[in-house]
Amino acid sequence: MKSTFEKKESAAVFKIALDDAEWNSEIENAYNRTKKRYKVPGFRPGKAPRRFIEMHYGSGVFFDAAVDLCINRIYSEEIAKHPELHIFGSPDVSFEKPEDGEAFAFSMTVTLYPEAKLGDYKGIKLAKIEYNVSDEDVENRIQADIQHAARNVKVERPAQNGDVAVIDYVGTVDGVEFAGGKAENHELKLGSGAFIPGFEDQLVGAAAGEERDVKVKFPDEYHAEELKGKDAVFHVKVNEVRAEELPELNDEFVKEHTKYETVDEYKTGLKADLEKAAKDRERNERIDAAMKAVTDNAECNIGDKLISAEVERMFRDFEQQLSQYGMKAEDYLKYSNSSVAQFKAERRETAERNIKMRQVMRAIIDAEKLDVTDAEAEEKLNDENLRRAYEHEAEHLGADVNELVKNELLTDKFFDFIINANEFVLDEVKESETEKAEKTDAEKSAKKPAAKKTATKKSE
């Protein structure tokens with residue numbers, strides 16, 4: 001077999017030629033793999049000699065199967081010789097005219113992911129990103145938990161802002177009731193802004209059993225066309241007033257509403273949880289900032305075929321997300337005054353960016369010789385619950401468990417490297433020329449100064 005290999009910027013080409021003996025061997029292989037499909041009088045299935053099947057079905061009966069088997073086998077063998085290739089998709093196969101001494105010839109062209117030419121990816125000074133947890137943050141979270149556990153209790157006093165008034169009401173415009181303007185035992189929290197402006201204010205001070213006429217004006221932008229801007233009168237009867245009762249922060253509250261046993265454990269554990277969340281957020285945002293910087297500094301020539309495939313992947317993800325809510329992508333886009341074509345066109349830039357970022361990541365991993373050992377993967381799988389989760393995911397993806405774990409660990413190593421190799425020290429982010437131009441255009445359009453931009457993070 002003659003084989004030549006040529007690597008181009010975005011593709012690699014394998015040219016293959018087989019002589020008569022090699023091609024006859026491929027035909028024989030196809031015969032052995034497919035002979036049970038053919039029925040020849042006088043022979044049991046799979047027992048007819050090759051020449052009898054060819055006589056009965058034609059001399060080219062095994063040609064297509066031989067071509068498929070031959071190309072698949074040779075493709076696997078040739079690719080194995082070039083582990084340095086990062087191949088996208090399946091090969092494009094072209095059949096060539098055999099030269100003297102050749103029986104069968106073809107070429108296989110594979111699309112290659114582009115190689116990223118790295119710029120600076122270490123020692124970059126980036127905007128400070130830091131999240132710290134204060135005592136005030138812990139206290140705010142405690143108050144939120146207490147508020148969440150609050151209950152409304154009946155009170156024998158006039159209603160105040162923050163109370164829930166249980167009301168019957170009938171609304172009229174010019175003395176005529178209108179659709180949707182009547183209800184009984186409706187629970188309305190005063191001060192919530194749930195009703196027409198001015199409605200809730202006029203119920204402050206009302207006691208249970210009291211009736212009032214509440215005069216309001218529907219907003220000009222009200223959703224019901226026939227009520228826009230109209231004056232209305234609601235006859236309201238207050239059936240009951242309920243006040244919010246907050247539970248006391250004690251061990252009993254903690255046991256009932258949290259995973260802790262005592263107030264001290266609760267406060268300590270809550271701060272630890274908030275600090276972990278803060279550090280996770282800090283790490284994720286540092287990764288995003290570092291990846292943006294190193295990707296901006298790199299060069300990568302990405303072909304249209306790769307971009308289109310990435311857009312299709314993004315659309316499939318979009319379809320899957322909507323399917324969880326029983327919606328079709330086409331219907332959702334139609335309701336949003338968009339279309340599938342517009343969705344895909346709008347995401348080409350993001351798709352190109354995604355591919356470039358992945359290629360930059362791969363290039364840095366290679367440059368820094370980042371790797372994961374079998375021992376590290378096995379240690380991760382020592383946790384029985386984690387192992388089961390990985391095995392389930394691997395089965396779903398049709399992947400190898402160890403490779404799945406290694407990829408995840410390698411990604412973590414890369415992220416650790418990229419945030420530790422750069423410095424998060426700047427109080428402000430320097431604007432790129434593009435950002436400056438966009439800001440200038442926005443300022444001209446608005447005819448007023450734009451707010452000062454800063455990426456420094458503060459405590460939450």
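Small disclaimer: the values here were computed from a predicted structure and weren't measured.

So, how was this worked out
Residues numbered from 1 in each chain as written. Predicted model: local features only at pLDDT ≥ 70, side-chain atom pairs only at ≥ 80, totals over all residues. Heavy atoms only, no water. Helix = DSSP H or I, 4+ residues; strand = E, 2+ residues; numbered from the N terminus. Rg over C-alpha atoms; globule rule 2.2 N^0.38 Å. Buried < 20%, exposed > 50% of the residue type's maximum accessible area, 1.4 Å probe, protein only. Contact = heavy atoms within 4.5 Å. Areas by Shrake-Rupley, 256 points an atom, 1.4 Å probe, with all protein chains shown as cover. Lys, Arg positive; Asp, Glu negative; His and termini not counted. Charge placed at Lys NZ, Arg CZ, Asp CG, Glu CD. Salt bridge = Lys/Arg side-chain N within 4 Å of Asp/Glu carboxyl O. Pairing = 2+ DSSP bridges. Axes fitted to C-alpha atoms, helices over the stretch in contact; angles between N-to-C directions. Patch = residues over 30% accessible without salt bridge, like charges linked within 9 Å, V, L, I, M, F, W, Y side chains within 5 Å. Core = buried A, V, L, I, M, F, W, Y, C linked by side-chain atoms within 4.5 Å. Phe/Tyr/Trp six-rings, centres within 6.5 Å; stacked < 30°, edge-to-face > 60°. Polar contact = N/O pair within 3.5 Å; in protein donor to acceptor, adjacent residues only side chain to side chain. Parallel < 35°, antiparallel > 145°, perpendicular 65-115°, else oblique. Left-handed = near helix turned anticlockwise from the far one by under 90°. Nonpolar A, V, L, I, M, F, W, Y, C, P; charged D, E, K, R; others polar.

Q: Looking at this structure, I do not really get the overall build of the protein chain. What am I missing?
A: Regarding its fold elements, the protein chain presents 14 helices and 11 strands. Against the globule reference of 23 Å for 460 residues, the protein chain gives a C-alpha radius of gyration of 35 Å, more extended than a compact globule. Considering only C-alpha atoms, the protein chain reaches an extent of 105 × 60 × 60 Å along its principal axes. Burial status across the protein chain gives 33% buried among its 460 residues. Excluding contacts between residues fewer than 6 apart, the proportion of contacts in the protein chain whose partners are at least 24 apart in sequence is 66%. Taken as a whole, the protein chain presents about 29,300 Å² of accessible surface, with 47% of it coming from carbon and sulfur. For the protein chain, the separation between the mean place of its 71 positive charges and that of its 98 negative charges on side chains is 4 Å.

Q: Teacher, can you tell me more about the pattern of salt bridges here?
A: Side chains carrying opposite charge are able to pair once their charged atoms draw close together. Applying the stated rule across the entire model yields 36 salt bridges. A salt bridge links Asp296 to Arg353; the shortest N-O distance between them is 2.8 Å. Here Arg353 lies in helix α10 (residues 348-368) and Asp296 lies in helix α6 (residues 263-297), a separation of 57 residues in the sequence. For Asp296, a relative accessible area of 40% translates into the label partly exposed. Relative accessible area serves as the criterion here: at 26%, Arg353 is assigned to the partly exposed category. Via salt bridges that share partners, Glu310, Arg313, Asp317 and Arg358 belong to a single interconnected network.

Q: Hey, could you run me through the sheet that holds strand β3 (residues 87-96) in this one?
A: Two pairing modes exist for strands in a sheet, parallel and antiparallel, and in both the strands are linked by backbone hydrogen bonds. Sheet architecture is open: four strands sit in the order β1-β2-β4-β3, paired in antiparallel fashion. Taken across any chain shown, the strands that pair with only one partner, and hence form the sheet edges, are β1 (2-7) and β3. Put simply, the sheet's adjacent strands are angled 15° from each other on average, direction ignored. With six bridges joining them, β1 and strand β2 (residues 11-18) adopt antiparallel strand pairing. When the bridges of β2 are listed, Lys7 appears paired with Ala12.

Q: Sorry if this is basic, but what is going on with the environment of Val173 here?
A: In this fold, Val173 is placed in strand β7 (residues 164-173). The spacing of Val173 and Thr295 is 122 residues in sequence and 62 Å in space, taken between C-alpha atoms.

Q: Mind showing me how you'd approach a nonpolar patch on the surface here?
A: On the surface, a nonpolar cluster with roughly 510 Å² of combined accessible area is contributed by Tyr325, Met327, Tyr332 and Tyr335. Along the polypeptide, Tyr335 turns up in helix α8 (residues 329-335).

Q: Please explain the nonpolar core as it appears in this structure.
A: Grouped burial of nonpolar side chains is what soluble globular proteins tend to show. Grouped together as the largest cluster of nonpolar side chains are 56 residues, with contacts concentrated most on Val294, Ile364, Val405, Phe414, Phe417 and Ile418. Residue contributions to this core peak at 10 residues, all from α6. Those residues in contact with Phe417 that lie beyond four places of it in its chain are Tyr121, Lys122, Ile364, Glu368 and Leu370. One finds Ala66, Tyr75, Phe106 and Leu112 within the second-largest nonpolar core, a separate group that totals 27 residues.

Q: Just to check I follow, could you spell out the environment of Glu330 for this structure?
A: Tracing the backbone through its elements, the reader meets Glu330 in helix α8. Taking relative accessible area as the criterion, Glu330 reaches 43% and is therefore assigned partly exposed. Note: C-alpha distance between Glu330 and Val340 (10 residues apart in sequence) is 6.5 Å. In this structure, Glu330 is in contact with Glu319 and Val340, ignoring residues within four places of it in sequence.

Q: What should I look at first to understand a negative patch on the surface in this one?
A: Among the surface-exposed residues, Asp251, Glu261, Asp264 and Glu265 lie close enough to one another that they form a single negatively charged patch. You can see Asp264 is positioned in helix α6. Residue classification places Asp264 among the exposed residues on the basis of a relative accessible area of 60%.

Q: Is there a simple way to explain the packing of aromatic side chains in this structure?
A: Aromatic rings in a pair are described by how distant their centres are and how their planes are angled relative to each other. Counted under the stated rule, the structure contains 26 aromatic pairs. For the pair Phe218 and Tyr222, a centre-to-centre distance of 4.7 Å together with 55° between the ring planes defines the contact as tilted. Take Phe218: its relative accessible area is 2%, and that puts it in the buried class. Seen in terms of ring centroids, Phe414 and Phe415 are 5.7 Å apart; in terms of plane orientation they differ by 55°. Their pairing is tilted.

Q: In this structure, what is going on with the side chain of Glu282? I would like to understand it.
A: Within the secondary structure, Glu282 is located in helix α6. Under the relative-accessibility criterion, Glu282 is labelled buried at 10%. Looking at Glu282, its side chain comes within polar contact range of the main-chain nitrogen of Tyr131, at 3.0 Å. In contact with Glu282, other than residues within four places in its own chain, are Ile129, Glu130 and Tyr131.

Q: Quick question: what am I supposed to make of unusual backbone geometry here?
A: Where the residue is not glycine, phi is negative for most of them; where a peptide bond is considered, it is trans in most cases. In this structure, Asp174 is a non-glycine residue whose phi angle is positive, near 55°. Mapping Asp174 onto the fold places it in the loop between β7 and β8 (176-189). The phi torsion at Lys369 lies on the positive side, around 55°, for a residue other than glycine. Considering the arrangement of structural elements, one finds Lys369 in the loop between α10 and α11 (374-380).

Q: Can you help me understand the packing of helix α4 (residues 135-148) against α6 in this one?
A: Packed helix pairs are characterised by how far apart their axes lie and by the angle those axes make with each other. Where α4 meets α6, the axes come as close as 10 Å, and the angle between the chain directions of the two elements is 110°. Classed by the angle they form, the pair α4 and α6 counts as roughly perpendicular. For the element pair α4 and α6, the recorded crossing hand is right-handed. In this structure, α4 uses Asp135, Asp137, Val138, Arg141, Ile142 and Asp145 to contact α6, whose residues at the interface are Tyr266, Lys267, Leu270, Lys271 and Leu274. Considered class by class, the residues forming the contact of α4 with α6 number five nonpolar, no polar and six charged.

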